[in-house]
Every structure is written in structure tokens, then in C-alpha cells.
Amino acid sequence: MKKSSKKIGLERIKILFNEAEENEEYADRYVFLARKIAMRYNLKIPTKFKRKYCHHCYKYFYPKRYKVRTNPKTKAVEYTCQVCQNVTRFGYRNESK
Ligand SMILES: [Zn+2]
């Protein structure tokens, strides 16, 4: 796999997440597509985008679909998905950018 194609893949993921933000109706589909691209190009989805969807049912987290709270014990922000009721945790200890 060439480096340039990875770059293209990443670019597409960015576009998809930007679109998802604008367009709630298709947001879930954009998450699905972004994950597919990530798999195909063997990419990691950037952290800032990873936080935008449920890691259990892969629904896009648009407002009203999730609840956020911080958990000082695990040093994580917990996103409770209102669709599947699962909790997705993101650590804030090594927060950067
Ligand atoms: Zn979910």
C-alpha cells in the first residue's frame, strides 16, 4: 500500500465526518463509510473523530443521542449511547490537541 493512498483515505474520512456533522440524516451512513475506508486503507480513525460515534452500535453521536459524564475513578469521559445504552469511554489523562 502506497503512502499516498493512505493520505487519500484519511482525507475521505475527514470529509465524511464533516458531512456527518452537517447532515444528521445521513450521519450513521457516513460513520459506516468512514469505518469501511479505515479498514480498507488500514488506517486509524483520528481520535477527534472516534469520539463522534458509538463504538458499540456505530451510530453517530449527534446531540440528544448521548449523555456525557466524567468518571474521576477511571479518568475517562463516559458517553452513554441512547440508542444501544452502552457506554463508550475515552480517557482524558493523555489528552492532547
Ligand atoms: Zn450505541
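Refer to the structure presented above.
First, a word on what this report is: a plain description of the structure on this page. (Residues numbered from 1 in each chain as written. Predicted model: local features only at pLDDT ≥ 70, side-chain atom pairs only at ≥ 80, totals over all residues. Heavy atoms only, no water.)

## Some remarks on the coordination of the zinc ion
Definition in use: A donor here means any N, O or S atom no more than 2.8 Å from the metal (3.2 Å for Na, K and Ca); water is not included, so a site may seem to lack partners. Key to geometry: four donors with every angle between 85 and 135 degrees are tetrahedral; four donors are square planar and six octahedral where opposite donors lie over 155 degrees apart and all remaining angles lie between 65 and 115; all other sites are irregular. A helix here means a DSSP run of H or I that spans at least four residues, while a strand means a run of E at least two residues long, and both kinds are numbered starting from the N terminus. Accessible area is worked out with a 1.4 Å probe on protein chains only. A residue is then buried under 20% of its type maximum, exposed over 50%, and partly exposed in between.
Each protein donor to the zinc ion is listed here as Cys54 (SG), Cys57 (SG), Cys81 (SG) and Cys84 (SG); together their distances run 2.2 to 2.3 Å. Angles of 107 to 112° at the metal separate the 4 donor atoms of the zinc ion, which places the site in the tetrahedral class. Summarised as a motif, the one-chain spacing of the donors to the zinc ion is C-x2-C-x23-C-x2-C. One end of the pair, Cys54, is in the loop between helix H3 (47-50) and strand S1 (66-71); the other, Cys81, is in strand S2 (residues 76-81), and 27 residues separate them in sequence. Judged by relative accessible area, which is 0%, Cys54 ranks as buried. Residue classification places Cys81 among the buried positions, given a relative accessible area of 1%.

## Focus: the packing of helix H1 (residues 3-22) against helix H2 (residues 27-40)
For any two helices packed against each other, the geometry is given by the interaxial angle and the distance between the axes. To keep it simple, the criterion reads: Here an axis means a line fitted to C-alpha atoms, over the contact stretch when the element is a helix, while the angle between two N-to-C directions is reported on a 0 to 180 degree scale. Working definition: roughly parallel below 35 degrees, roughly antiparallel above 145 degrees, roughly perpendicular at 65 to 115 degrees, and oblique for all remaining angles. Residue contacts are counted whenever heavy atoms from the two residues lie within 4.5 Å of one another. Any residue outside Ala, Val, Leu, Ile, Met, Phe, Trp, Tyr, Cys, Pro, Asp, Glu, Lys and Arg is labelled polar, Gly included; the first ten of those are nonpolar and the last four are charged.
At their nearest, the axes of H1 and H2 sit 9 Å apart, and the two run at 170° to each other. As far as their axial angle goes, H2 and H1 are roughly antiparallel. Along the contact surface, H1 presents Gly9, Arg12, Ile13, Leu16, Phe17, Glu19 and Ala20, while H2 presents Ala27, Tyr30, Val31, Leu33, Ala34, Ile37, Ala38 and Arg40. Tallied by class, the residues present in the contact of H1 with H2 amount to 11 nonpolar, 1 polar and 3 charged.

## A closer look at the pattern of salt bridges
Condition: The term salt bridge refers to a side-chain nitrogen of Lys or Arg lying within 4 Å of a carboxyl oxygen of Asp or Glu.
For the coordinates displayed, the defined rule picks out 5 salt bridges. Between Lys59 and Asp28 there is a salt bridge, with the nearest N and O atoms lying 3.9 Å from each other. A residue pair is termed long-range when its members are at least 10 positions apart, and Lys59 in the loop between H3 and S1 and Asp28 in helix H2 qualify at 31 residues. For the salt bridge of Asp28 with Arg65, the shortest nitrogen-to-oxygen distance reads 2.9 Å. Note that Asp28 is positioned in helix H2 and Arg65 in the loop between H3 and S1, a separation of 37 residues in sequence. Classification of Asp28 by relative accessible area gives partly exposed; the value is 23%. Under the relative-accessibility criterion, Arg65 is labelled buried at 16%. Salt bridges here are not isolated pairs; linked through shared partners, they connect Asp28, Lys59 and Arg65.

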